[in-house]
Amino acid sequence: MRVIEFETDEQVVSSGWTTAIAILVIVLGIIAIAFPFFASVASTLLFGWIFIFAGITQIVYAFQSRGTGRVIGKLILGLLYFLSGILVVVNP
């Protein structure tokens, strides 16, 4: 039986930006644990805005599609994303 050995070269990239982002995420996590109500409202609003932007993007993409059935399906989906995002942002 023959054993195959692999050499691995691991290069660790470290910069001030990654350290700063890591510290920021840790601080935000501690704040989220300390204030769970505000963290849940903030995350709900974030997802609502993501739905709104996804809906706008889907609507634009629908008009770039070919074929009536595809355009209508994508347009309906985009409108559902957009309207659900507005509903979530208005009433979190």
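Up top you'll find the structure we're talking about.
Residues numbered from 1 in each chain as written. Predicted model: local features only at pLDDT ≥ 70, side-chain atom pairs only at ≥ 80, totals over all residues. Heavy atoms only, no water.

### So, the overall build of the chain
For step 1, the next point in the chain: Helices and strands together make up the secondary structure of the chain, namely three helices and zero strands.
For step 2, the next point in the chain: Scanning the chain from its N terminus toward the C terminus, one meets helices and strands in the order α-α-α.
For step 3, the next point in the chain: Sorting the 92 residues of the chain into buried and exposed places 11% on the buried side.
For step 4, the next point in the chain: Within the chain, contacts between residues separated by at least 24 positions form 58% of all contacts whose residues are at least 6 apart in sequence.
For step 5, the next point in the chain: Carbon and sulfur atoms provide 72% of the accessible area of the chain, an area that totals close to 8,000 Å². (Helix = DSSP H or I, 4+ residues; strand = E, 2+ residues; numbered from the N terminus. Buried < 20%, exposed > 50% of the residue type's maximum accessible area, 1.4 Å probe, protein only. Contact = heavy atoms within 4.5 Å. Areas by Shrake-Rupley, 256 points an atom, 1.4 Å probe, with all protein chains shown as cover.)

### Comments concerning the packing of helix H2 (residues 36–64) against helix H3 (residues 68–90)
For step 1, the next point in the chain: At their nearest, the axes of H2 and H3 sit 7 Å apart, and the two run at 160° to each other. Here H2 lies roughly antiparallel to H3, going by the angle between them. Remark: the crossing between H2 and H3 carries left-handed chirality.
For step 2, the next point in the chain: Considered class by class, the residues forming the contact of H2 with H3 number 19 nonpolar, seven polar and one charged. (Axes fitted to C-alpha atoms, helices over the stretch in contact; angles between N-to-C directions. Parallel < 35°, antiparallel > 145°, perpendicular 65-115°, else oblique. Left-handed = near helix turned anticlockwise from the far one by under 90°. Nonpolar A, V, L, I, M, F, W, Y, C, P; charged D, E, K, R; others polar.)

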